[in-house]
Amino acid sequence: MARIKINIKDGTIKRSDKVLGIDLGTTNSLVAFVDSSTGNAICLGEEGDKIVPSVIYVTPENELIVGQAAKSHLIEEADNTVYSVKRLLGRSYTDIAGHSSSFGYHIMPDDSKAMVNINIRGKIYNPIELSAQILKSLKVKAELALGEPISKAVITVPAYFNDSQRQATRDAGKLAGLDVLRIVNEPTAASLAYGIGLDKSQTTTIAVYDLGGGTFDITILSIQNGVFEVLSTNGDTYTGGDDFDRAIITYWCEQHQLNMQQLEADKSVYQEIRLKAEEAKKHLSTNDTFESTIAVFNNVYTLSIDRSSFEKSIQPIVEKTLKCCRMALKDAGLTHEDIQDVVMVGGSTRTPYVIESVKRLFRKERVNNSLNPDEVVALGAAIEADILAGNRKDILLLDVTPLSLGIETLGGMMDTIIPRNSKVPTNAGRQYTTSKDGQLSLRISVYQGEREMVADNRKLGEFILDGIPAMPAGLPKIDIRFMLNADGILSIEAVELRSGIKQTIEIQPQYGLTDKEVETMLLAAMSNAEADMHKRQLAETITEAEQVLYQCRKLLFSNNDLLSEEEKSSTGMAIEELEELCKGDNREAINQSMERLNSVTRPFAERLMDQAIGKALTGKKLDAL
Ligand code: ADP
Ligand code: MG
């Protein structure tokens, strides 16, 4: 839904072509824009009010409030205040198991693969709609600053985000009324903010070290002729400044013989200590000691920590990030000597110990930390937005896919179609065949990961290619093609080459919302008529039924002498029933009738196939349904 702008003076209508750059952070979010008169990227909002805490408070009237106003409820109303929702985006309960206690609000236990839900004041919310609230408030902030409605944006995600998480981010944008032109990796945006590579003659290799509140990313970028190419990415979606806070809490617990579990059990006490710990951490970025008092469990405690104790307690966390850096270097086939620049991103890179550790690892005298580490990602997103708006035609961006993509083959094996670290956009395909005689459909299960067995990888989704003509096993030639777009979002096309039967899907992540949920949410958000949706679905079902009817009539006609009287009459009856139902509007009944017709015709379709002499095709075989 595009917004339009009407010039009241001369009545001309102008569509706003402004594109925003949005850093949807775990802890903080920002929106930026490139001012065309100066060509500079700036974060939007009142001075001191540019950073929007990614916190959502649910009022007693079930209204959602975002940002600083929401953050102030964290202590008193931990149950009703959602933070770090980005950690839940595109994730299931099992994904976050073991971490659920670190959330002050109620995440609903669930053993399905669906995205987690959050229960606040008895109402159920999902991470997409909560993230959409943050995006909406950024959109409003930008519209106020720029004085016009805006509907286009570029949104950044950690480089390590998988397909489900990227899709979920895109869905959140849609729900916020934004046309998301591109999902960009945060490190790519950060390097743009430093202007590295904007000079076309520059050739360099850099590392982007991003330690935020909740996530850590390391990216090795090669920049050549104005082209940004991600050589490798690595990271940890469960490492960040929040862990520094937790390390300080642990330190205090030991100091005062406080029981951590007891603290955690009282959500509001825990939140209060958490905020104290964060205050201490920030203070220690520029001071040597911190001291404060806190009243909990009817006692007043003096909480103190000095810089060296702090550094000792965060050492294992920082070491974890360094390990990721070494892996990224190894994946890119490089050593520290090949890295010409290191870019520091994220609020946690203000901690001097982090800067020193990174310098030591890359053996550098200095690192790039001159820009505000909170803002660089949003600023870079704005530059990318500017490129997509067509204002900087000379720059091209290339990313790589962080994990391999493939499908399940016989025996639960992972067959990789697009290997990890392939440049995107890309597409690749491979041929498969059936494993059973007369197999009429194939289940194609799509996975992401590096392990041999699909059970160890992440399932992205599955779909069914049906309508394969009955043939002996090994005879059908099924071409499965993966197309990965510039956002890292996957579309898949499966074609049975002998019959031309084709199916195309944009992969529906299992960890994302169900189709129905997205539908319902979009309906609510965009006031689409529900009746239209049903009409379209009915039309699709009837079209499908008509194709089935056509094929069955053809089968009956051309094999008349091979079928028994009984088979002819039962098929005839099933055909008539389906024809009759297609005149009505009962979609469910049409589907059931189609199913009945299929089961009536299947036995003789198989028999006909048996009579054909099959020449087995060698190749990988997919499991039968
Ligand atoms: P995210 O990208 O996850 O949204 P940010 O880049 O905004 O996160 O970083 C937020 C983190 O930075 C928080 O953990 C916050 O406590 C930390 N942080 C902010 N200022 C400082 C500081 N002066 N010293 C150390 N850490 C800081
Ligand atoms: Mg960030």
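Before any of the text, the structure's been laid out above.
Criteria and thresholds
- Residues numbered from 1 in each chain as written.
- Chains lettered and ligands numbered in written order.
- Predicted model: local features only at pLDDT ≥ 70, side-chain atom pairs only at ≥ 80, totals over all residues.
- Heavy atoms only, no water.
- Salt bridge = Lys/Arg side-chain N within 4 Å of Asp/Glu carboxyl O.
- Helix = DSSP H or I, 4+ residues; strand = E, 2+ residues; numbered from the N terminus.
- Buried < 20%, exposed > 50% of the residue type's maximum accessible area, 1.4 Å probe, protein only.
- Phe/Tyr/Trp six-rings, centres within 6.5 Å; stacked < 30°, edge-to-face > 60°.
- Lys NZ or Arg CZ within 6 Å of the ring centre and 35° of its normal.
- Pairing = 2+ DSSP bridges.
- Axes fitted to C-alpha atoms, helices over the stretch in contact; angles between N-to-C directions.
- Contact = heavy atoms within 4.5 Å.
- Near = heavy atom within 4 Å.
- Polar contact = N/O pair within 3.5 Å; in protein donor to acceptor, adjacent residues only side chain to side chain.
- 1 Å grid on protein atoms, 1.4 Å probe; cavity = no way out; pocket = protein on both sides within 12 Å on 5 of 7 lines; lining within 4 Å.
- Sits in = over half its atoms within 2 Å of the grid points.
- Points joined across faces, edges and corners; volume = space filled by probe spheres on them.
- Nonpolar A, V, L, I, M, F, W, Y, C, P; charged D, E, K, R; others polar.
- Domains from an automatic or database assignment.

Enquirer: Any chance you could explain the pattern of salt bridges here in plain terms?
Expert: Opposite charge on two side chains allows them to pair when their charged atoms are near. This structure, assessed with the given rule, holds 22 salt bridges. Among the salt bridges present, the one from K86 reaches E186, with a minimum N-O distance of 2.8 Å. Here K86, found in the loop between strand 9 (81-83) and helix 2 (93-96), pairs with E186, found in helix 5 (residues 186-193); they are 100 residues apart in sequence, far enough to count as distant. A relative accessible area of 7% places K86 in the buried class.

Enquirer: Would you take a moment to explain the packing of aromatic side chains for this structure?
Expert: Aromatic ring pairs are reported here in terms of the distance separating the ring centres and the angle at which the planes meet. A full pass over the atoms with the stated rule returns 5 aromatic pairs. One aromatic cluster is present, formed by Y83, F103 and Y105 through successive ring pairs. Its end group placed over the ring of F161, K86 keeps NZ or CZ at 5.9 Å from the ring centre.

Enquirer: Whenever I open this one, the sheet that holds strand 9 confuses me. Can you help?
Expert: Pairing between the strands of a sheet is mediated by backbone hydrogen bonds and can be parallel or antiparallel. With respect to topology, 3 strands assemble into an open sheet ordered 8-7-9, the strand pairing being antiparallel. In this open sheet, the two strands that pair with only one neighbour each are strand 8 (64-66) and strand 9. In this sheet, neighbouring strand axes are inclined to one another by 20 degrees on average, regardless of whether the strands run parallel or antiparallel. Summarising the sheet, strand 7 (residues 55-58) and strand 9 pair through 3 bridges and their orientation is antiparallel. The partner of V55 across the bridge, within strand 9, is Y83. Here helix 3 (residues 127-146) sits on the sheet and contacts strand 7, strand 8 and strand 9; the angle it forms with strand 8, its principal contact strand, is near 55 degrees.

Enquirer: Before we go on, may I ask you to explain the site of ligand 1 in this structure?
Expert: Near ligand 1 there are 18 residues, and of these T27, G213, E278, K281 and S285 occur at the shortest range. At a separation of 3.2 Å, an oxygen atom of ligand 1 approaches a polar backbone atom of T26. One nitrogen or oxygen atom from the side chain of S285 is found 2.6 Å from a nitrogen atom belonging to ligand 1. If you map ligand 1 onto the pockets, it falls in the second largest pocket. Where the shell around ligand 1 is concerned, the elements lending two or more residues are helix 6 (241-255) and helix 8 (267-284).

Enquirer: It is not clear to me how the layout of surface pockets should be interpreted in this structure. Could you clarify?
Expert: Rolled over the atoms, a probe sized like a water molecule indicates the empty space that remains. Taken as a whole, the second largest pocket holds about 820 Å³ of empty space. The wall of the second largest pocket is formed by 41 residues, among which T27, N28, G213, G347 and D374 lie closest to the centre. Elements with a contribution of two residues or more to the lining of the second largest pocket: strand 4 (28-35), helix 1 (68-71), helix 6 and helix 8. Per element, the largest residue contribution to the lining of the second largest pocket is 4 residues, and it comes from helix 8. Looking at the lining of the second largest pocket residue by residue, the classes come out as 9 nonpolar, 18 polar and 14 charged. Inspection of the lining of the second largest pocket shows a minimum of three residues originating in each of domain 1 (19-240 + 315-398) and domain 2 (241-314).

On their own, these measurements won't tell you what the molecule is for.
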